[in-house]
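# Fold and contact review
Spelled out, the chains give:
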Amino acid sequence: MKFVVIGAGKIGATLSEQLVEEGHSVIAVDSNPEAVKKLLNSQDIMCIEGNGATAGVQIDAGVKGSDMLIATTAHDELNMVCCMLGRQLGAKKTICRVRNPEYLDQIDIIKNQLGLALIINPELYTAQEIVNGLVFPTASRLEVFGKGKVEMVELKLSEGSPFIGLTLAEIYKRLKLKFLICAVQREHGIFIPTGDFVLHADDRINIAATHSDIERFFRENGLVKTKIKSVMIVGGGRIGFYLAKQLSAMGMRVKVIEKDYNRCTELCDEIPKATIIHGDGTDQELLLDEGIRDVDAFVALSGLDEENIIMSLYAKNNSEAKTITKINRDSYVDMARMLGLDTLVMPKLLTTATILSYVRSLENASSESRIESLYHLIGNQVEAIEFNIKEAIPGLTGVPLKDIKIKKDILICAIIKKRQVIIPSGNDTIELDNSVIIVTKDQRFSELRDILE
């Protein structure tokens, strides 16, 4: 497919890189010469310097023959104009980045009136990811499939874990719960494990199950912490706003620390249930005075990765709080994990996963299966994909899983049949109208039949 990406910032650059990796043609547009130069030096794509909201620049970028125009600049209104113009010039579909909370209540109107295929909001996605991460305090991450019927959590095995030295088959037999360990990261290796795989200390594992079975899994292995009731957020930007609003609505005690006084007054008006503090979140005295030792969770959302890492380390060393750290630079991820920061959120990856899910569904709109959701796990190296089965797939539907020949490093980790969730065994089958969740390493599937040998 042919894409025109307007905006070469963090979101646009990450998106163009992943689209090219999946075999698509991309032309990037940005009015900032430095951003264009940086993209040209780092990616093998064509770049155009200019205002993407003008017809001449869009025509030069080939919008007329494009399959999709994606506007990802930092300005919502500019993105809307780009998409509106792109549709008039012949782009088959348009995706628009809209971040301003003031537009949240009228997103459907904007989408319909501008004929947008999709509206993306990186800050809202990030806030929801953080909310998910607070459900199980001992987990590093939680993703939701099948409209909440199946959850996938990530956690790190400590030295005292009862699982160390056991095969997965032994663990399943001992616990007698319906769950599946579907991906394991060990040092620099990543595994899609089979039943004879042995777990080691410090392994980072991803578990798929229903919410109730995950709760039992944590409870029976002494991993349950008190539910989170109080949260301290440093950074009152858009992510902080969306997050504080959601947590306050859930009945949690929320305290937001923000440097900008005017922004503090805005937050006071917009989130009356939250406590808003004017101050610098990197000030250790301030954090102590505001009760960092007593909060259940600490979320670092400043605009600087370095600040977020330092603040999270301080919270980790001076409290029992679950720490969540926003990071933009890929190069900081491994360092942050080495320092013991397990729960990291990266807005650009959450956003690109949403777009890629839509793009892959579009590629195979007439196929037997449709992508419902897609998540990147373990530093973007593993994918978890939910497919909905619309038509029979020869060699797959109606066949016991034990008789299906599946490619290496792929695992079918859950089947959803209406309201029933099945953590599959070899005798289970996939049928029409089922949702199927697979985990795959080093693959980019757009339809379920691709998993067959």
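The sections below set out a description of the structure shown in this document. (Residues numbered from 1 in each chain as written. Predicted model: local features only at pLDDT ≥ 70, side-chain atom pairs only at ≥ 80, totals over all residues. Heavy atoms only, no water.)

This paragraph deals with the overall build of the protein. For the protein, the helix and strand inventory stands at 14 helices and 22 strands. Its C-alpha radius of gyration of 23 Å places the protein within 12% of the 22 Å reference for a compact globule of 453 residues. Dimensions of the protein, computed from the C-alpha atoms along their principal axes, are close to 65 × 60 × 40 Å. Long-range contacts, defined here as pairs at least 24 residues apart, represent 60% of the contacts in the protein between residues at least 6 apart. Roughly 20,300 Å² of accessible area belongs to the protein as shown, and the carbon and sulfur atoms make up 48% of that amount. Of the side chains in the protein, 53 bear a positive and 62 a negative charge, and the two mean positions are spaced by 5 Å. (Helix = DSSP H or I, 4+ residues; strand = E, 2+ residues; numbered from the N terminus. Rg over C-alpha atoms; globule rule 2.2 N^0.38 Å. Contact = heavy atoms within 4.5 Å. Areas by Shrake-Rupley, 256 points an atom, 1.4 Å probe, with all protein chains shown as cover. Lys, Arg positive; Asp, Glu negative; His and termini not counted. Charge placed at Lys NZ, Arg CZ, Asp CG, Glu CD.)

Among the nonpolar cores identified, the biggest contains 26 residues, and Ile130, Val231, Ile233, Leu243 and Leu247 are the most heavily contacted of them. If you list the elements that add at least two residues to this core, you get helix H6 (122-133), strand E12 (230-234), helix H9 (238-249), strand E13 (253-258), helix H10 (261-270) and strand E15 (297-300). Top element by residues in this core is H9. It accounts for 6 residues. Once residues lying within four places of it in the same chain are set aside, the contact partners of Ile130 are Ile239, Leu243, Val299, Leu301, Ile324 and Val345. (Core = buried A, V, L, I, M, F, W, Y, C linked by side-chain atoms within 4.5 Å. Buried < 20%, exposed > 50% of the residue type's maximum accessible area, 1.4 Å probe, protein only.)

On to a negative patch on the surface, then. The grouping of Asp280, Asp283, Glu285 and Asp289 at the surface amounts to a negative patch. Considering the arrangement of structural elements, one finds Asp283 in the loop between strand E14 (275-278) and helix H11 (284-289). (Patch = residues over 30% accessible without salt bridge, like charges linked within 9 Å, V, L, I, M, F, W, Y side chains within 5 Å. Salt bridge = Lys/Arg side-chain N within 4 Å of Asp/Glu carboxyl O.)

Moving on, we come to the packing of H6 against H9. It is the contact of H6 with H9, at a shortest axis distance of 8 Å, that shows an interaxial angle of 45°. If you check the angle between H6 and H9, you find them oblique. Seen along the crossing, H6 lies across H9 with a hand that is right-handed. Between H6, through Glu123, Leu124, Thr126, Ala127, Gln128, Ile130 and Val131, and H9, the contact on the second element is made entirely by Arg238, Ile239, Tyr242, Leu243, Gln246 and Leu247. Residue classes in the contact of H6 with H9 are distributed as 8 nonpolar, 3 polar and 2 charged. (Axes fitted to C-alpha atoms, helices over the stretch in contact; angles between N-to-C directions. Parallel < 35°, antiparallel > 145°, perpendicular 65-115°, else oblique. Left-handed = near helix turned anticlockwise from the far one by under 90°. Nonpolar A, V, L, I, M, F, W, Y, C, P; charged D, E, K, R; others polar.)

What follows is about the pairing of strand E11 (residues 204-209). Along E11, 6 of the 6 residues are buried, which leaves the element largely enclosed by surrounding structure. Across the two faces of E11 the burial is the same, with Arg204, Asn206 and Ala208 and Ile205, Ile207 and Ala209 all buried.

Further remarks concern the side chain of Asp67. With respect to the secondary-structure elements, Asp67 resides in the loop between helix H3 (55-60) and strand E4 (68-71). Side-chain polar atoms of Asp67 contact the backbone nitrogen of Lys2, separated by 2.7 Å. Those residues in contact with Asp67, other than ones at most four positions away along the chain, are Met1, Lys2, Lys92 and Lys93. (Polar contact = N/O pair within 3.5 Å; in protein donor to acceptor, adjacent residues only side chain to side chain.)

A few words now on the packing of aromatic side chains. Tallied over the entire structure, the rule returns 8 aromatic pairs. Between Phe136 and Phe218, the aromatic rings sit 5.2 Å apart at their centres with planes inclined by 5°, giving stacked as the arrangement. Of the two residues, Phe136 is situated in the loop between H6 and strand E7 (141-145) and Phe218 in helix H8 (residues 211-220); the sequence distance between them amounts to 82 residues. Here the aromatic rings of Phe191 and Phe197 are separated by 5.3 Å at their centres, their planes lie at 50°, and the arrangement is tilted. On the accessibility criterion, Phe197 (12% relative accessible area) is buried. The structure contains a cluster of three or more aromatic residues connected by ring pairs, namely Phe136, Phe163, Tyr172, Phe179, Phe217 and Phe218. (Phe/Tyr/Trp six-rings, centres within 6.5 Å; stacked < 30°, edge-to-face > 60°.)

That is the geometry; function is a separate question.
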